[in-house]
Amino acid sequence: MSSQQSPFLEAQYGWPYGSNGWSGGMDENLLKFSFMFDGNVDSVVSSLPAVSNGAAHFLTTDNRFYFGVNGIWYSSPCPKNFIFKIKSSGDFYQFDGTSASQINNPAQTDARLDAVELTVASLGSAAFEDVSAFATSAELDVVEGQAQGYTDALREDLGDSSNPAKGAAMVGRGVVAVDSIADLLALPAEARREDLRYSVLGYYSDTAQGGGEFYWDSVSELAVDNGYVLAVTGVTVGRFLRKRVGAKTPVQYGARPGTEDSTAAFGDLLASLTDNDFVDFEGRTYAVASGQLSVTGVTNLNIKGSGAQFNETTTAGDTLEFTSCNGLRVSDMSVTGLDTFSSWQADSPTDRRYFIRVNSSTNPKVWGVAGEAKRACVMLYQCVRGKVYDVDHIGFMPDLDIETDSQANNLPAVEVAGGRNNQVWAVHAEDHGSAVLIGLESKAPVVFSITGYNLHDNGVYVSSGRRAKVFAVDVEKVKGQFIKMRGSLNIAFGSGGEGSQTTGFGVSGNGAAADEYGANGHGNILALCNGDSLGASGVDSAAQDGLYPRDTIISLNSFENLTSTADFAAVRSTQERGGVYIGNIASKTQTSFAYLISKSPTASDIALPVIMGNVSVGHAGSNGAFRLQNLSRAVVLANSSDTVGASVECVNCDDSVFIGNLNIDGTRSVNFDSASQRNVILGQRGSTGAPTGAQNAIMDNYPQAGAEPITSTPAFLNQRTVVAGVPYIAVGVSSAADWKQISVT
């Protein structure tokens, strides 16, 4: 087995007991040890000469000893601090771990000590006991007096608080105290030193706010920001730099809390921000001009208001704007604007101006903000994964019953324009246009827990986009709709309101190009919603900008107290295609209909609605509870009403199925006009008005149809009816004789 190598002199050791072949290694060890004991070399060289027996050298290129034995150079590392001697001269060298340097030999050291002893002896004991050996008493008195004068003057200079060149400025690492930033910048050149620190009481001489600790950097050329980087007038190189402790604050940049305009100070603060900066507005009140404060391209900012209040001095634009600020956090602040109803009407009412606007940013968050007398509170424009929550906005619109303006759709408390996967929740708006506006084809926004009162547009308006989720909305006293949805694949549920001057909920297309079915907007769902005291319809699925929605689901909703006597309904669809209407309740409706499902008579597409399990209670309109018009292939199942007159009125309806519909008062459950044909009418409770259109099948209704069909030719083979309790079936379609009685055994 092989041996191991020691870290000391590279000696070999560790041969197993009884092993062979160790003599060569042991011989090398003995040679190294014997050389190190001797410690003498012939020279210090940078390259080795030819080997000769007994020669030894220190090689500077690798800091090793080389010694020749029997025509071979052997070597050993030189230990740190090892001392060796040159054979010929007797000079001593010591290796310090990096190189070997000559040191004193013992004789040289003795000589130097002897010289010190001789010098001390020549001075005598007076050098240690009595200064009179150097000067007379009179001379010493003069020296003492001069020293006392110097000391007194120094004490006065150090205690001087009026001359900035004296006092602490005379002491290295001392602290110079001044009252204001202006005083700091007025220090003379000799007082600007890197070994001093500067304590500033306040940004201005009349306040203790905005001060701090500064130091002088004589070579700095940093851009001046008037808060953390200050320059002396006329000095191009050299800056006073503020020592950072915690968050940046507006008062550090010269903002004055209260009524004095601080727009410039806020501009300096925002311009100084860099990635990951933290700003605290410290809960103070500031006066600022709108339309002038912005930040661009800074990531992971944390802007904390701590309850700060902004009072605007102008109405020109947005208060705070952030662009391309990924990871932005803005929280806990409010604004009071200058807008009034009349000033807004006179000054570009379509121009939206926000308290906080965030553009083209990923994962921004804005929360805990409030606005008053301001056109809008928060905007996310083309943002991704943004969040806005805990927003309270009080606008400037008058009581809705007194006066309004059609431009109120430009007054959202919170707006999301474009982008994707943004969320808005816990928003309240009052005396304003709308609570939340979603637009610019925004994808997959989520909006919930929204309240509002006296809104002159809509509660929540999804003006365009796809896959919006809107729920837990509750608004009162609205000009428009509680929730209005345009676009496709949107869902609204679990929401309601009271007191809409028009319709409670709306579902429509969004004005873009029509799809292959001539529609725009599809797959929208409205469920588990309610509305009370409505001026038009409960929910309206209709055309918008000439285009209509398709494949809409309106289910499990409840609407009450519809006060208009015009052609509205609790559930109204006037451009129907593929809609599903299940389990809705209409109560105390004065509108023409409780339910109106129709399409244009000129439309060529097939309607295909499913109308099932809907209820009408207390309908007092001029027509039947359910009006179905210009429909094809409809399924009308298990609907009921207590309407006096027909429960379901069918106008120009073809190829549809009517099963198990009920009129509680016992009058007609279904009534048809002469244009309705090829329908199946089965199992109605309440008389069925006999359709005169072609090929209608009327079966198993109670009571029977108003006109007994067995007196005329059957419409189709196997048609069935009941006359005076006797069932009949059609065995042909040639004449009335084709009606045959069905025997019951």
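See above for the structure.
The rules behind these values
Residues numbered from 1 in each chain as written. Predicted model: local features only at pLDDT ≥ 70, side-chain atom pairs only at ≥ 80, totals over all residues. Heavy atoms only, no water. Patch = residues over 30% accessible without salt bridge, like charges linked within 9 Å, V, L, I, M, F, W, Y side chains within 5 Å. Areas by Shrake-Rupley, 256 points an atom, 1.4 Å probe, with all protein chains shown as cover. Salt bridge = Lys/Arg side-chain N within 4 Å of Asp/Glu carboxyl O. Helix = DSSP H or I, 4+ residues; strand = E, 2+ residues; numbered from the N terminus. Contact = heavy atoms within 4.5 Å. Buried < 20%, exposed > 50% of the residue type's maximum accessible area, 1.4 Å probe, protein only. Pairing = 2+ DSSP bridges. Arc of directions from axis to C-beta. Polar contact = N/O pair within 3.5 Å; in protein donor to acceptor, adjacent residues only side chain to side chain.

### Describing a nonpolar patch on the surface
Stage number 1. A contiguous nonpolar surface patch, about 360 Å² in accessible area, is contributed by L30, F33 and F37.
Stage number 2. Its location among the elements puts F33 in helix 1 (residues 23-38).

### Observations concerning the side chain of S555
Stage number 1. With respect to the element layout, S555 can be found in strand 39 (residues 553-555).
Stage number 2. In this structure, S555 is in contact with L526, A527, L528, V580, I582 and N584, ignoring residues within four places of it in sequence.

### Side note on the pairing of strand 44 (residues 595-598)
Looking along a regular strand, one sees the side chains alternate between the two faces of the sheet.
Stage number 1. In strand 44, alternate side chains face the same way, and those of Y595 and I597 on one face and L596 and S598 on the other are all buried.
Stage number 2. Bridge count for strand 44 against strand 47 (residues 626-629) is four bridges, and the pairing is parallel. Looking across to strand 47, one finds that S598 is bridged to Q629.

### Quick look at the pattern of salt bridges
Stage number 1. Overall, the coordinates contain 22 salt bridges when judged by the stated rule.
Stage number 2. Between R256 and E260 there is a salt bridge; the shortest N-O distance is 3.5 Å.
Stage number 3. Of the residues examined, E260 reaches a relative accessible area of 44% and is grouped as partly exposed.
Stage number 4. Through salt bridges with shared partners, a single network forms among D339, D347, D351, R353 and R375.

### Details of helix 6 (residues 263-271)
Stage number 1. Every buried residue belonging to helix 6 is among T263, A265, F266, L269 and L270, and all of these are buried. The buried residues of helix 6 occupy one face: seen down the axis, they fall within an arc of 160°. Of the exposed residues in helix 6, the ones pointing more than 90 degrees away from its buried face are A264 and A271.
Stage number 2. Each element contacted by the buried residues of helix 6 is listed here: strand 16 (278-280), strand 17 (285-288), strand 18 (294-296), strand 19 (302-312) and strand 20 (320-323).

### What about the environment of Q345?
Stage number 1. Here Q345 shows up in helix 7 (residues 341-346).
Stage number 2. Spatially, the C-alpha atoms of Q345 and D405 are 8.4 Å apart, while their sequence positions differ by 60 residues.
Stage number 3. A polar contact is formed between the side chain of Q345 and the side chain of D405, at a distance of 2.9 Å.

### Overview of unusual backbone geometry
Leaving glycine aside, a negative phi is the common case for residues, and trans is the common case for peptide bonds.
Stage number 1. You will see that S306, though not glycine, has its phi angle at about 55°, which is positive.
Stage number 2. Residue position: S306 is located in strand 19.
Stage number 3. A positive phi angle, close to 55°, is found at S449, a residue other than glycine.
Stage number 4. For S449, the position within the fold is in strand 29 (residues 446-455).

### Overview of the sheet that holds strand 10 (residues 100-103)
Stage number 1. If you trace the four strands from one edge of the open sheet to the other, you get 3-8-9-10, paired in mixed fashion. Only two strands of the sheet have a single neighbouring strand rather than two, namely strand 3 (40-41) and strand 10.
Stage number 2. Both strand 9 (residues 92-95) and strand 10 contribute to a ladder of four bridges, which runs antiparallel. By the bridge assignment, Q94 is partnered in strand 10 with S101.

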